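An overview of the molecular structure
For reference, the chains in residue letters:
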Amino acid sequence: VTITTRLLVSHLSGIRHYEKDIAKVKEEKEKANRALKLTKPHQDKEQKEKEGKGIEKTDSVKPRKEHDGETKSRNSKPGRKDKEFEQEEYYLKEKFESVIESLKIFKNDPLFFKPGSQFLYSTYGFTLLSAVVERASGQKFTDYMLKMFRDLDMLSTVLDDNEAMIYNRARCYVYNKKGRLVNAPYVDNSYKWAGGGFLSSVGDLLKFGNALLYSYQAGQFKNSNGKLLPGYLKPGTVAMMWTPVPKTEVSWDRDGKYAMAWAVVEKNQQYGCCRQQRHYASHTGGAVGASSVLLILPEELDSEAIGTRPVAPPRGVIVTIICNMQSVSLNSTALKIAREFDKEKRAQ
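By the naming in an unreviewed UniProt entry, the protein chain is LACTB protein, taken from Ptilonorhynchus violaceus.

Attention shifts here to the overall build of the protein chain. Within the protein chain one finds 10 helices and nine strands. Taking all 348 residues of the protein chain together, the buried fraction comes to 38%. Accessible surface, the protein chain as shown: approximately 20200 Å² in total, 53% of it carbon and sulfur.

Here we take up the pairing of strand β7 (residues 280–287). Of the strand pairs in this sheet, strand β6 (residues 263–265) and β7 are connected by three bridges, and their pairing is antiparallel. From the neighbouring strand, A263 faces β7, where its bridge partner is S282. Two elements, β7 and strand β8 (residues 290–298), share seven bridges in a ladder whose sense is antiparallel. Following the sheet pairing, S282 is matched in β8 by L295. Adjacent in sequence and paired antiparallel, β7 and β8 are bridged by two residues, among which G289 carries a positive phi angle near 85°.

It is worth spelling out helix α6 (residues 141–151) at this point. Among the residues making up α6, those that are buried are F141, T142, M145, M148 and F149. The arc that holds every buried residue of α6, seen down its axis, measures 125°, which confines them to one face. Residue D153 follows α6 closely and has a positive phi angle near 65°.

On average, the protein chain scores 85 in pLDDT, and the residues at 70 or more come to 83%. The least confident element of the protein chain, judged by mean pLDDT, is helix α3 (residues 64–75) at 37; the most confident is helix α1 (residues 5–9) at 98. A low-confidence stretch, residues 50–81 (pLDDT under 50), is modelled with 54 contacts involving residues beyond four sequence positions or located in other chains.

The rules behind these values
Residues numbered from 1 in each chain as written. Predicted model: local features only at pLDDT ≥ 70, side-chain atom pairs only at ≥ 80, totals over all residues. Heavy atoms only, no water. Helix = DSSP H or I, 4+ residues; strand = E, 2+ residues; numbered from the N terminus. Buried < 20%, exposed > 50% of the residue type's maximum accessible area, 1.4 Å probe, protein only. Areas by Shrake-Rupley, 256 points an atom, 1.4 Å probe, with all protein chains shown as cover. Pairing = 2+ DSSP bridges. Arc of directions from axis to C-beta. pLDDT = per-residue confidence, 0-100. Contact = heavy atoms within 4.5 Å.

Structure, rendered in structure tokens:
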């Protein structure tokens, strides 16, 4: 078979995630699909009831699955682990000297399906992607990434290296089996730098989001008399990254599809005076003792007014949340915050 970098970045490669048993993966997917079918009528009914009470029709219904996840994190018995975190490989303590070396964890395992035929979120797919970056750039993957973070002025974003002295490094927490809050267990993330091995801050993630949004919109501001600097990426590159890829899915956002390393919701309105779906890109993160989200809601630019705008890109709302607790659902919270700020901006 042939596995391309595009398949890797969209999780269509067939490479496994932490679960090695394909039968269990299929069973979980079937359960999730059944749950989605059962909750959809309820969501539609809930939306109609909200609209009947005069609530803004632009507000989307909170995805049931994520809502349940947030409720569990607050109300269920502490210590009940998310199934993904039951996998042993989440808690590896072995230090890998290179991304090439870390490929040995999964390189001899069979593919779960023919590449390009199905979607399966895979951290190890991104480990292979990091090896591709290393070979193509001629640099160690970690050196390549740290240089990029420096270019983006993300000076607080570093490797999650246990031995290094990192200023303001936060402690991470989990609930133990007795329901008590304890320090997260020791892990070494050198086996998955690309899929969850960097430490950052909300300030740095905002810079990252702004750099992407600027790159995305820079090509639309054509009447800037050459005063507008180019974006870090070409506008077409970001547009391609934020274009949904067929056969993908997103567990944390019912409206979304997976694109290239981003979950994306497309602009959509099927009926007049009814629910509007805004275009935005987001991604959540989950690690041992930590949860995060970065959501980018671009402003809908008026092509006629772009040339006369006093303010250059980026134009939109960016929300990022980092939480030092495991298994906390954050995407819908970030979306609510983004909508409130967006509503405020449009009212001005």
